[in-house]
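This is what each chain is made of:
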Amino acid sequence: MDLSTLTHITAARQRSDLIALGPTVVPLAGGSELFADPRAHLTALVDLLTLGWPALTITEDGFEIAATCTFAELSRLPMRAGWAAHPLFYQCCTALFASFKVWNVATVGGNLATSLPAGPMITLAVALDAELLVWRADGSDDIVPARSFVTGNMTNALADGDVLRSIHVPLASLHAQTAYRKIALSPLGRSGAVLAGRLDVLGAFVLTVTAATLRPVQLRYPALPAAHVLARDITAIDCWFTDAHGAADWRRAMGLLLGEEIRLELELAGGRQ
């Protein structure tokens, strides 16, 4: 869709070029979501791709995903020894049902910043206890835990003029066993529930519930919980919601079903370690 109210697009070359951002001037990365609606209030865009951020950077304590990294680039993340969580990256990419043309432009940061409940990069970042580097409009840097970044349906911790710079995934999460489940009302429909479980090397268990809830919900345990304990805590989640992609009671039921599947899968994985 054309954004007919735009007067210009600025190619950012350095951080100071982002000073123009505000209520009517927003960042442009892949644009797959930005150009999906008219957005008549916009007057200009600032292109982040021209900043040239490396898509993926492996570090001693994990690795960083640039906000401008595309789904296609992330899906090709090379395997490294000890990265038991590696399959989760591709699995979460597949939760965005789209053609290769969309995968080649849709960005990790864009998916997070849009903050739709079904955003699969939200699932990935929260499930792996990632931290997000936010460039604030006042020139400061802010580290935001992924689990608190998204606050509701299309709302998050970004203010006007802020830019999501990168996502840091800690090494401990990369070494964890993971399990993934997704369900939708139709084979090519938007996700109705996406859950990811993580079993850390020391035995701690984390279940992340997204798409079925208005914001990501994380349940944490020092060890794998009993089935009835997990079911009780999933049932107690208070932000299930209803829209065209699923009713709240169905989403709760799917959360219970998929959560138990994940618990059982990771119980078996833990026994094989």
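Anything mentioned here points back to the structure above.
Reference entry: report on the structure contained in this document. Remember, it's a predicted structure, so these values are computed and weren't measured experimentally.

Structurally, His168 can be placed in strand β10 (residues 163–170). With relative accessibility at 16%, the residue His168 sits in the buried group. Of the polar contacts made by the side chain of His168, one reaches the side chain of Asp61; its length is 3.4 Å. Beyond its immediate sequence surroundings of up to four residues, His168 is in contact with Thr59, Asp61, Gly62, Phe63, Glu64, Ala130 and Glu131.

So, on to the nonpolar core. Ile65, Leu74, Phe89, Leu112 and Met121 are the most contacted members of the largest nonpolar core, which totals 56 residues. With residues up to four places along the chain from it excluded, the contact list for Leu112 reads Met121, Ile122, Ala125, Leu132, Phe149, Val150, Asn156, Leu164 and Ile167. Ranked by size, the runner-up nonpolar core spans 23 residues in total, among them Leu195, Ala212, Leu258 and Leu266.

As a further point, take the sheet that holds strand β11 (residues 177–184). Here four strands make up an open sheet; going across it, the order is β11-β12-β13-β14 and the pairing antiparallel. Edge positions in the open sheet fall to β11 and β14 (217–221), since each of these has one partner strand only. Taking the axes of each pair of neighbouring strands and ignoring which way they run, one obtains an average angle of 10° across the sheet. In terms of strand pairing, strand β13 (residues 205–210) meets β14 through five bridges, oriented antiparallel.

With that settled, the discussion passes to the pairing of strand β5 (residues 62–66). Most of β5 is tucked away, with four of its five residues classed as buried. Between the antiparallel neighbours strand β4 (residues 56–59) and β5 lie two residues. Inspection of the sheet shows β5 paired to β10 by five bridges, in the antiparallel sense. In the strand pairing of β10, Gly62 is matched with Pro170.

Within the secondary structure layout, Thr178 lies in strand β11. Ignoring sequence-local partners within four residues, the contact set of Thr178 consists of Ala84, Ala85, Leu88, Leu128, Gly197, Arg198, Glu265 and Leu266.

Packing of helix α2 (residues 87–94) against helix α5 (residues 120–127) leaves a shortest axis separation of 8 Å and a crossing angle of 155°. Classified by the angle their axes make, α2 and α5 are roughly antiparallel. Crossing of α2 against α5: the hand is right-handed. Where α2 approaches α5, its residues Leu88, Phe89, Cys92 and Cys93 are matched on the opposing element by Pro120, Met121, Thr123, Leu124 and Ala127. Across the contact of α2 with α5, the residue classes break down as eight nonpolar, one polar and no charged.

Attention shifts here to the packing of aromatic side chains. The tally for this structure, following the rule as stated, stands at five aromatic pairs. Look at Phe63 and Trp83: their rings are 5.5 Å apart centre to centre, the planes differ by 25°, and that puts the pair in the stacked class. Linking Phe63 in strand β5 with Trp83 in the loop between α1 (71–75) and α2, this pair joins segments that are 20 residues apart in sequence. Given the relative accessible area of 0%, Phe63 is considered buried. Relative accessible area serves as the criterion here: at 3%, Trp83 is assigned to the buried category.

Of note, the phi angle at Ser115 is positive, near 60°, even though the residue is not glycine. Of note, Ser115 is situated in the loop between α4 (108–114) and α5. You will see that Met154, though not glycine, has its phi angle at about 65°, which is positive. Position of Met154 among the secondary structure elements: in the loop between β8 (150–152) and β9 (155–156). Of the residues examined, Met154 reaches a relative accessible area of 46% and is grouped as partly exposed.

With that out of the way, let us pick up the pairing of strand β6 (residues 131–135). Here is the key point about a regular strand: its side chains alternate between the two faces of the sheet. β6 sits mainly inside the fold: four of its five residues count as buried. Across five bridges, the pairing between β6 and strand β7 (residues 141–145) is antiparallel. Considered in β7, the bridge of Leu133 is made with Ile143. In sequence, β6 turns back onto β7 through a hairpin of five residues, with Gly139 there showing a positive phi of about 95°.

Quick look at α2 now. Residues separated by three or four positions in an α-helix point in the same direction, a consequence of the helix having 3.6 residues per turn. Inspection of α2 places Leu88, Phe89, Cys92 and Cys93 among the buried residues, and these make up the whole buried set. Taken down its axis, α2 places every buried residue within 140° of arc, on the same side.

Thresholds, definitions, all that
Residues numbered from 1 in each chain as written. Predicted model: local features only at pLDDT ≥ 70, side-chain atom pairs only at ≥ 80, totals over all residues. Heavy atoms only, no water. Helix = DSSP H or I, 4+ residues; strand = E, 2+ residues; numbered from the N terminus. Buried < 20%, exposed > 50% of the residue type's maximum accessible area, 1.4 Å probe, protein only. Polar contact = N/O pair within 3.5 Å; in protein donor to acceptor, adjacent residues only side chain to side chain. Contact = heavy atoms within 4.5 Å. Core = buried A, V, L, I, M, F, W, Y, C linked by side-chain atoms within 4.5 Å. Pairing = 2+ DSSP bridges. Axes fitted to C-alpha atoms, helices over the stretch in contact; angles between N-to-C directions. Parallel < 35°, antiparallel > 145°, perpendicular 65-115°, else oblique. Left-handed = near helix turned anticlockwise from the far one by under 90°. Nonpolar A, V, L, I, M, F, W, Y, C, P; charged D, E, K, R; others polar. Phe/Tyr/Trp six-rings, centres within 6.5 Å; stacked < 30°, edge-to-face > 60°. Arc of directions from axis to C-beta.

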